[in-house]
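Residue-level listing of the chains:
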Amino acid sequence: MRRRSILFAGATLALLLGGCSSPRYVRPDIPVPPTYRGDTAPVTGAAGTGEPASLGDLRWQDVVRDEDLSKLIQEALTHNPDAQIAAARVLEASAQATISRSALFPSVDVLASYLNSRNDAFDTSIISPTASLGWELDLWGKIRNTSAAARAAVLASEQARRAVVQTLVSDVAGNYFLLLDLDLELTITRQARRLREESLDLVRLRVDNGYSSGIELHQAEVLVKSAQTALTQLELESEQTENQMAILLGRNPGPIVRGRSLLEHDTAPRLPPGLPSALLDRRPDIRQAEQQLIGDHALVAVAKAAYFPSISLTASGGFASSALLNLFTIPGGAWAFGPTASLPVFHAGAIRAGVRGAEARRQESLLNYQKTVQEAFREVADSLATSRKLGELRAEQEGLVESLRQGVELADLAYKGGVASYLEYLDSERQLLDARLLLVQIRRQELTNVVTLYRALGGGWQ
């Protein structure tokens, strides 16, 4: 009979332990395409060769080949407030994980008290130091899974910090290329204004000698004023971009030192994007989403553990004496030990609702993880398409600029020869200026897209 009771108790305990256990986390099976859309380059790197198989494997110092820009990025990584906030959040999450893990071990507290009572009949002093021990037995994995969720939160915060670093590198590089773009646009626009001022002087001379009308003079003046207006707008945008860059660097608004011009800039060697499956482990936002899923998976087990009893072991011991010399003698000592158990009986559906809520959060994290992966594939495909089309667009724009330059020369000769109107020359000159400015912008977009593709492939935080 006694043996049956022991077997029944053992089976009941095993059933309870099995009922509250949570399945081990397994990475969700998300369909990964064999290649990125628009990727036509073969993978050049190989395992064990030390060569990068993807642009995303490079350090940002190897992608940004400009000494001045590298210094600015390093300054931003050191002083940017967002980067410092993200680092502080990692420390906060790590401390919280230590607190959660400490519940796995017994807690010991020491208390000392002194009581002095005095009246006309007697004077009594009692000294009583005591120590207490408490330990909750983690039979159902509640504490263990809480600690696992806290550990996942630490890893998620670390990935969030890496994502901040990645974004910061990309933003600093993008703003720097924009400043170089504006510098070149300012140079081109100043040249156009100077040529227009020279043309205005020529028109005035022709008007004075009766070869041109007042309408042509008015048109020439409008063209000079429009160039000056464009200069003012570009100068304003340049100053505002410098202020934005200064904030990224952790400075107060001020000027930003630039190095080589936009056309002299070089980018990282052209490398293939690599295998899409590697993106799951390279991009920090995907890893952060997965750690969030891991943490919510563990919290489901924590919620289920509320169905089962909690068992704690408590013990206390101490001494009490009216004399300090006799404090630790046996007659002055006392101790107590006893386990306590708490079994949930009726909570009006609160425990069940807690489990459902935890399962819903896990499902939400799973969907967010899937969405983050798919969004990453889209960003890489967009950047690859942009890279391909920008190269084609730049070649076409260079041809257009050359054709318009020849057209301006012919229109100038025709106007000076009296076979074409000044309006025809003005229109061809305006088209050339717009085309040159657009060519500069395309070049800047090419440089920026290299950094965008690098970030989309998970690079930038190393």
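Relevant structure appears above.
Notes on the structure in this doc start here.

We now examine the packing of helix α5 (residues 142–208) against helix α6 (residues 214–248). Where α5 meets α6, the closest approach of the two axes is 8 Å, and the angle between their N-to-C directions is 160°. Accordingly, the angle class assigned to the pair α5 and α6 is roughly antiparallel. Every pair of crossing elements has a handedness; the one defined by α5 and α6 is left-handed. Of the residues belonging to the contact of α5 with α6, the class tally is 20 nonpolar, seven polar and 13 charged.

Turning our attention to the side chain of Asn-449. Counting through the fold element by element, Asn-449 comes out in helix α10 (residues 422–456). Of note is the side chain of Asn-449, whose polar atom sits 3.1 Å from the backbone oxygen of Ser-383. Every residue in contact with Asn-449, bar those within four places of it in the chain, is listed here: Ser-383, Thr-386, Ser-387 and Leu-390.

It is worth spelling out the pattern of salt bridges at this point. In this structure the tally under the stated criterion is 27 salt bridges. The salt bridge partner of Arg-196 is Glu-429, with a shortest N-O separation of 3.0 Å. Residue Arg-196 is found in helix α5, and its partner Glu-429 is found in helix α10; the two are separated by 233 residues along the sequence. Each member of the pair Arg-196 and Glu-429 is classed as buried. When the shortest N-O distance is used, the salt bridge between Arg-283 and Asp-285 registers 2.7 Å. For Asp-285, a relative accessible area of 22% corresponds to the partly exposed category. It is possible to trace a salt-bridge network through shared partners that takes in Arg-394, Glu-398, Arg-443 and Glu-446.

So, how was this worked out
Residues numbered from 1 in each chain as written. Predicted model: local features only at pLDDT ≥ 70, side-chain atom pairs only at ≥ 80, totals over all residues. Heavy atoms only, no water. Axes fitted to C-alpha atoms, helices over the stretch in contact; angles between N-to-C directions. Helix = DSSP H or I, 4+ residues; strand = E, 2+ residues; numbered from the N terminus. Parallel < 35°, antiparallel > 145°, perpendicular 65-115°, else oblique. Left-handed = near helix turned anticlockwise from the far one by under 90°. Nonpolar A, V, L, I, M, F, W, Y, C, P; charged D, E, K, R; others polar. Polar contact = N/O pair within 3.5 Å; in protein donor to acceptor, adjacent residues only side chain to side chain. Contact = heavy atoms within 4.5 Å. Salt bridge = Lys/Arg side-chain N within 4 Å of Asp/Glu carboxyl O. Buried < 20%, exposed > 50% of the residue type's maximum accessible area, 1.4 Å probe, protein only.

Functional significance is not addressed by these values, which are geometric in nature.
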